[in-house]
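Coordinates in review
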Amino acid sequence: MSDRLRVGLVGAGPWARMAHAPALAGGSDTELAGVWARRTEAAEELGGRFGAPAFGRLEELFDACEAVAFCVPPDVQAELASHAVRAGKAVLLEKPLAMELDGARRLADAVAEAGVVSQMVLTARYAAATREFLTQARAVRPMGGVGVFTGSLADGPFATPWRLERGALLDLGPHLVDLLDAALGRVVAVRAQGDPLGWVALTLEHESGALSQAGMTAFAGGSLPAPRIEVFGPGGHARLAWPEALEEPFARMVAEFAAAVRTGEGHPLDARHGLRLQELLTEAQAQL
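A brief report on the enclosed structure follows. Worth saying up front: this structure is predicted, and the values here are computed from it rather than measured.

**Regarding the overall build of the protein chain**
- Secondary structure assignment for the protein chain yields 11 helices and 11 strands.
- What you see for the protein chain is a C-alpha radius of gyration of 19 Å, in line with the 19 Å of a compact globule of 288 residues.
- If you line up the protein chain on its principal axes, its C-alpha atoms span 55 × 40 × 35 Å.
- Across the 288 residues that make up the protein chain, the buried fraction comes to 55%.
- Taking as baseline every contact in the protein chain between residues at least 6 positions apart, the subset at least 24 positions apart corresponds to 72%.
- Of the roughly 12400 Å² of accessible surface on the protein chain, 51% is carried by carbon and sulfur atoms.

Structure below.
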């Protein structure tokens with residue numbers, strides 16, 4: 001009998017096809033146990049590509065797996081992931097946890113009450129380059145830093161309704177705040193300026209006494225540079241350019257998810273971490 005973690009996938013859109021399904025099906029520690037999506041034909045098409053069944057009812061997917069990965073809009077995730085954890089399933093969750101803070105809190109509370117493992121899909125955090133950067137960042141004794149993430153929702157598969165409505169803050173913001181938090185110390189306060197449908201600028205105060213700035217937009221045009229993070233201190237500076245390929249960080253992410261579920265020890269990038277990011281970004285949203 002295989003010891004690979006049987007993971008069901010909720011969602012069959014572009015991101016599920018590009019990242020989640022290949023990583024779960026191809027991982028040495030995971031098995032894609034099945035797919036459920038609102039459109040059954042989409043679930044059947046995606047499952048068929050990886051030899052996994054499609055389920056017409058969500059409960060049938062839960063019965064076939066030990067854990068569930070979510071790749072659906074935030075408001076849908078908040079509702080369906082709550083059902084999953086109440087069914088005793090570990091959950092791999094996209095950012096943001098929910099569309100609204102109350103939904104994120106309910107989901108994080110449901111995870112804690114059920115006592116299941118949760119983990120956030122903060123893609124860059126699983127890349128080897130990021131972990132090397134964080135080691136370097138600690139060594140420079142950082143006093144400040146900056147992060148920039150520019151994207152375009154003009155067209156393409158990620159021009160989804162919730163992103164077009166909310167802009168960069170909830171979509172790109174979690175990545176920047178998470179990395180600056182990891183590099184400079186826990187973020188304890190945030191100040192925000194700008195327009196979610198234009199440019200957003202955040203100033204973050206860290207528990208360490210450091211300050212950082214994060215700038216982002218989801219509506220830039222032309223040829224855009226990769227997102228980047230830089231930190232500076234008496235010991236020098238450290239710089240992270242965003243990982244270009246998905247395969248390496250997603251492979252490590254699903255392997256760590258499987259290990260966290262098998263050991264029951266949990267993962268530092270859990271639902272509570274996702275909730276803390278969303279609390280900071282909701283505070284920023286209120287200032288715009």
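Structure's up, so let's keep going.
**Some words on unusual backbone geometry**
- The peptide bond linking Lys95 to Pro96 adopts the cis configuration, its omega dihedral lying at -10°.
- Here Pro96 lies in the loop between strand E4 (90–93) and helix H5 (101–114).
- A positive phi is found at Arg141, a non-glycine position, where the angle reads about 55°.
- Among the secondary structure elements, Arg141 is positioned in the loop between helix H6 (128–139) and strand E6 (144–150).

**Here we look at the packing of aromatic side chains**
- Enumeration according to the criterion identifies 3 aromatic pairs in this entry.
- Plain terms: the ring middles of Trp15 and Phe250 are 5.6 Å apart, the flat faces sit at 85° to each other, and that makes the pair edge-to-face. Of this pair, Trp15 sits in helix H1 (residues 14–26) while Phe250 sits in helix H10 (residues 247–263), and the two are 235 residues apart along the sequence.
- Seen from their ring centres, Phe149 and Trp242 are 5.1 Å apart, and the 55° between their planes marks the pair as tilted. With Phe149 in strand E6 and Trp242 in the loop between strand E11 (236–241) and H10, the pair connects residues that are 93 residues apart, well separated along the chain.

**Brief notes about the sheet that holds E4**
- Here we have 5 strands laid out as an open sheet, ordered E2-E1-E3-E4-E5, and parallel in their pairing. Each of the sheet's edge strands pairs with one partner strand only, and the pair in question is strand E2 (30–36) and strand E5 (118–120). Direction aside, neighbouring strands of the sheet carry axes that sit 20° apart on average.
- Strands strand E1 (5–10), E2 and strand E3 (67–70) of the sheet are contacted by H1, whose axis makes an angle of about 135° with E2.

**Brief notes about the nonpolar core**
- Counting residues in each nonpolar core, the largest one holds 69 residues, and the members touching the most others are Val10, Phe70, Leu93 and Leu202.
- Leu24, Ala67, Ala69 and Val117 belong to the second largest nonpolar core, which has 33 residues in total.

**Side note on the environment of Thr135**
- The residue Thr135 is located in helix H6 in this model.
- For Thr135 and Ala78, which are 57 residues apart along the polypeptide, the C-alpha to C-alpha distance reads 33 Å.
- Among the polar contacts listed, one links the side chain of Thr135 to the backbone oxygen of Arg131, at a separation of 3.1 Å.

**Section: the side chain of His273**
- Following the sequence through the fold, His273 ends up in helix H11 (residues 271–287).
- Overall, His273 belongs to the buried group, its relative accessible area being 11%.
- When neighbours within four sequence positions are excluded, His273 is seen to be in contact with Leu122, Arg125, Asp178, Asp181 and Pro268.

**Brief notes about the pattern of salt bridges**
- One pass over the full model with this rule turns up 17 salt bridges.
- Residue Asp109 is joined to Arg272 by a salt bridge in which the shortest nitrogen-to-oxygen separation is 2.6 Å. Of this pair, Asp109 sits in helix H5 while Arg272 sits in helix H11, placing them 163 residues apart in sequence.
- Note that Glu230 and Arg239 form a salt bridge whose closest N and O atoms lie 4.0 Å from each other.
- We classify Glu230 as buried; its relative accessible area is 17%.
- Residue Arg239 is classed as partly exposed on the basis of its relative accessible area, which comes to 46%.
- Shared partners join several salt bridges into a network, and the residues in it are Asp3, Arg6, Glu66 and Arg262.

**Here's the deal with H5**
- A rise of 1.5 Å per residue sets the reference length of H5, with its 14 residues, at 20 Å; its end C-alpha atoms lie 20 Å apart and thus fit the reference within 8%.
- Three or more residues of H5 are buried, namely Leu101, Gly103, Ala104, Leu107, Ala108, Ala110 and Val111.
- Summarising the contacts, the buried residues of H5 are in contact with helix H4 (74–86), E4, E5 and H11.

Conventions used here
Residues numbered from 1 in each chain as written. Predicted model: local features only at pLDDT ≥ 70, side-chain atom pairs only at ≥ 80, totals over all residues. Heavy atoms only, no water. Helix = DSSP H or I, 4+ residues; strand = E, 2+ residues; numbered from the N terminus. Rg over C-alpha atoms; globule rule 2.2 N^0.38 Å. Buried < 20%, exposed > 50% of the residue type's maximum accessible area, 1.4 Å probe, protein only. Contact = heavy atoms within 4.5 Å. Areas by Shrake-Rupley, 256 points an atom, 1.4 Å probe, with all protein chains shown as cover. Phe/Tyr/Trp six-rings, centres within 6.5 Å; stacked < 30°, edge-to-face > 60°. Pairing = 2+ DSSP bridges. Axes fitted to C-alpha atoms, helices over the stretch in contact; angles between N-to-C directions. Core = buried A, V, L, I, M, F, W, Y, C linked by side-chain atoms within 4.5 Å. Polar contact = N/O pair within 3.5 Å; in protein donor to acceptor, adjacent residues only side chain to side chain. Salt bridge = Lys/Arg side-chain N within 4 Å of Asp/Glu carboxyl O. Expected span 1.5 Å × (residues − 1).

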